2 protein chains.
Amino acid sequence: MATQTKPVLHGYFRSSCSWRVRIAFSLKGIEYDQVPVNLIKDGGQQMTEQYQELNPMKQVPAVEIDGITLSQSLAVIQYIDETRPGPRLLPADPKARAQVRMISDLIASGIQPLQNLYVLQKIGAEKAEWAQHFIHRGFQALEPILKKTSGKYCVGDEISMADICLVPQVYNAERFKVDVEQYPTIKRINETLLETEAFKVSHPSRQPDTPADLRA
Amino acid sequence: MATQTKPVLHGYFRSSCSWRVRIAFSLKGIEYDQVPVNLIKDGGQQMTEQYQELNPMKQVPAVEIDGITLSQSLAVIQYIDETRPGPRLLPADPKARAQVRMISDLIASGIQPLQNLYVLQKIGAEKAEWAQHFIHRGFQALEPILKKTSGKYCVGDEISMADICLVPQVYNAERFKVDVEQYPTIKRINETLLETEAFKVSHPSRQPDTPADLRA
């Protein structure tokens, strides 16, 4: 395995998909470099030709690792899991793995894409109501699923990719003033995870590009 | 492995995510039963309490397999791949696997969710323009990625989950009158795949619930 050079994460402190990757690196104990991509400044640094070479979707994250460039956070997380030692980010049992992927995709395909910056820009003035609507819709589905699959964490008692997706999504929900009290299982797991070191050090309030007024 | 009973796919002939699962079953040579869920009739059969037990997201597909119920097509496909013999749906090499997942997620998180029925219903009158916009946006990113990763298929010369995602997305694009000629690599791979048996038998024009006027 070629791990001579540290992976480079091109991300943004507040991007939920960048946070997912930071959590995965932290859980695995992998050192990495960060290159901030400011999604707002100058119309968005993700729009430059140079950045589009890394990720033609004009989104963060993009990760340079082992000589390849990967975008799409769940692809990155599973690549890290399959090539690095450390705690498993997906369980060994195929059914539990499937449940982890189901929950991860419910968030990554069913909720998050609808609050992406470029989608909200197209929605315009009603963007807060739009985001709230789809977060509630997703959480209403996620809550009964987690009631069945969860132990201490989303699937059983080990932290997994599903948890990596959950916490940044709850953070987004709170930004959009979604009342998470309605979803007691989501709320409980999120609070438990936020107490762990990997979720703390990767938090948007503690990144190199976090603006001073948002720093923890 | 408990494979005594055939898996049951709850799906809809024209749903691109249902088609993904049908392709995977066909590639693996797995017999399965289909239960049609008509997304349009009576306000949508996915809205019934009974169906929401299977998939609280009120979407197709839902798959009953080995005693569990899974939603989210990519979770289903990877579960099938990890538990069934037959051709691999993800390559053995970790970097190639990551590229397959990156392309799959670009489609499954970056394009498809924005044309989901419940999203288009919320958009209303401008839904065709909305869908076209986001399909073009995604294909503009996918085309240069495929130029790098593709051989005969999306990643090299073996059919993978990326191809399983590509063909139903191109089908959707054509429904929304997106000109695919602009994307020669996407077009070429799609045409090649449509000639294969697994993609033919799983096609929306050939399902038990395909209306007579849309049958091939």
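This one's a predicted model, so the numbers in the text were calculated from it and none came from an experiment. (Residues numbered from 1 in each chain as written. Chains lettered and ligands numbered in written order. Predicted model: local features only at pLDDT ≥ 70, side-chain atom pairs only at ≥ 80, totals over all residues. Heavy atoms only, no water.)

(A) Highlighting the side chain of A:R97. One can find A:R97 in helix α4 (residues 94-110). By relative accessible area, A:R97 is classed as buried at 14%. Side-chain polar atoms of A:R97 contact the backbone oxygen of A:P91, separated by 3.0 Å. Side-chain polar atoms of A:R97 contact the side chain of B:E82, separated by 2.8 Å. (Helix = DSSP H or I, 4+ residues; strand = E, 2+ residues; numbered from the N terminus. Buried < 20%, exposed > 50% of the residue type's maximum accessible area, 1.4 Å probe, protein only. Polar contact = N/O pair within 3.5 Å; in protein donor to acceptor, adjacent residues only side chain to side chain.)

(B) Just the interface of chain B and chain A, in detail. Every contact between the two is made by 44 residues of chain B and, on the other side, 44 residues of chain A. Taken together, the two surfaces of chain B and chain A that pack against each other cover about 4100 Å², and 64% of this comes from carbon and sulfur. Of all residues in chain B, B:M57, B:K122 and B:R137 give up the largest surface area on contact with chain A, accounting jointly for 16% of the area buried on that side. Viewed at the interface, chain A and chain B are joined by 6 salt bridges. For A:E82, the salt bridge goes to B:R101, with nearest N and O atoms at 3.1 Å. Counting every contact that joins chain B to chain A gives 15 residue pairs in polar contact (both at pLDDT 80 or more). When residues of the side of chain B that touches chain A are traced back to their parent elements, those giving at least two are β4 (68-71), α3 (73-83), α4 (94-110), α5 (117-123) and α6 (127-149) of chain B. Considered class by class, the residues forming the side of chain B that touches chain A number 22 nonpolar, 10 polar and 12 charged. (Contact = heavy atoms within 4.5 Å. Buried area = accessible area lost by both parts, 1.4 Å probe. Salt bridge = Lys/Arg side-chain N within 4 Å of Asp/Glu carboxyl O. Nonpolar A, V, L, I, M, F, W, Y, C, P; charged D, E, K, R; others polar.)

(C) Just the UniProt feature "domain: GST C-terminal" (unreviewed entry) in chain A, in detail. Per the UniProt record, "domain: GST C-terminal" (unreviewed entry) is found at residues 93-212 of chain A. As a span, residues 93-212 of chain A carries 65% helix and 0% strand, and end to end its C-alpha atoms are 44 Å apart. (UniProt positions renumbered as here; feature names shortened; annotations may be inferred.)

(D) Quick peek at the sheet that holds strand β2 (residues 33-36) of chain B. Residue and element names in this part refer to chain B. With mixed pairing, the 4 strands of this open sheet are ordered in space as β2-β1-β3-β4. Of all strands in the sheet, those bounded by a partner on one side alone are β2 and β4. The sheet shows a mean angle of 20° between the axes of neighbouring strands, direction not considered. Packing of helix α1 (residues 16-28) onto the sheet brings it into contact with β1 (8-11), β2 and β3 (62-65), and relative to β1 it is tilted by some 155°. (Pairing = 2+ DSSP bridges. Axes fitted to C-alpha atoms, helices over the stretch in contact; angles between N-to-C directions.)

(E) Just the packing of α4(A) against helix α6 (residues 127-149) of chain A, in detail. All names here are of chain A. Contact geometry of α4 with α6 gives a least axis separation of 10 Å together with a crossing angle of 165°. It follows that α4 is roughly antiparallel to α6 by the angle criterion. Judged by the twist between their axes, the crossing of α4 over α6 is left-handed. Taking contact as the criterion, the partners of Q99, M102, I103, L106 and I107 in α4 are, on α6, G138, A141, L142, I145, L146 and T149. Of the residues contributing to the contact of α4 with α6, the split by class is 8 nonpolar, 3 polar and no charged. (Parallel < 35°, antiparallel > 145°, perpendicular 65-115°, else oblique. Left-handed = near helix turned anticlockwise from the far one by under 90°.)

(F) Structural detail: unusual backbone geometry. In this model, A:V60 is joined to A:P61 through a cis peptide bond whose omega is 0°. Mapped onto the secondary structure, A:P61 falls in the loop between α2 (49-54) and β3 (62-65). Although it is not a glycine, B:K58 adopts a positive phi angle of roughly 55°. When you line up the elements, B:K58 lands in the loop between α2 (49-54) and β3. For B:D66, which is not glycine, the phi dihedral falls at a positive 55°. Here B:D66 shows up in the loop between β3 and β4.

(G) Structural view of empty space enclosed by the protein. What the rule picks out here adds up to 1 cavity of 30 Å³ or more. Here the largest cavity defines a volume of roughly 70 Å³. If you trace the largest cavity, you find it lined by A:L74, A:Q78, A:R101, A:D105, A:M161, B:L74, B:Q78, B:R101, B:D105 and B:M161. A per-class count over the lining of the largest cavity returns 4 nonpolar, 2 polar and 4 charged. (1 Å grid on protein atoms, 1.4 Å probe; cavity = no way out; pocket = protein on both sides within 12 Å on 5 of 7 lines; lining within 4 Å. Points joined across faces, edges and corners; volume = space filled by probe spheres on them.)

(H) Expanded view of the relation of the copies chain B and chain A. Once turned by 180° and shifted 0.0 Å along the axis, chain B lies on chain A with an RMSD of 0.0 Å. Taken together, the rotation angle and the small translation identify this as a two-fold axis. Considering only C-alpha atoms, the part of chain B nearest the rotation axis is B:S109, at 2.1 Å. (Least-squares fit on C-alpha atoms with pLDDT ≥ 70 in both.)

(I) Structural view of the side chain of B:T83. Residue and element names in this part refer to chain B. Assignment of secondary structure puts T83 in helix α3. At a separation of 2.8 Å, a polar atom in the side chain of T83 contacts the main-chain carbonyl oxygen of Y79. There is a polar contact of 3.0 Å between the side chain of T83 and the side chain of R84.

(J) Here's a closer look at the environment of B:E158. Residues and elements named next belong to chain B. Note on placement: E158 falls in the loop between α6 and α7 (161-175). Separated by 71 residues in the primary sequence, E158 and P87 have C-alpha atoms spaced 9.2 Å apart. Excluding residues within four positions of it along the chain, E158 makes contact with Y153 and D163.

(K) How the structure looks around the sheet that holds β3(A). Residues and elements named next belong to chain A. The sheet built from 4 strands is open, its strands ordered β2-β1-β3-β4 with mixed pairing. The open sheet has two free edges, formed respectively by β2 (33-36) and β4 (68-71), since each of these has just one partner strand. The average undirected angle you get between the axes of adjacent strands in this sheet is 20°. Both strand β1 (residues 8-11) and β2 contribute to a ladder of 4 bridges, which runs parallel. Within β2, the residue paired with L9 across the bridge is Q34. The sheet strands contacting helix α1 (residues 16-28) are β1, β2 and β3, and the helix crosses β1 at an angle near 155°.

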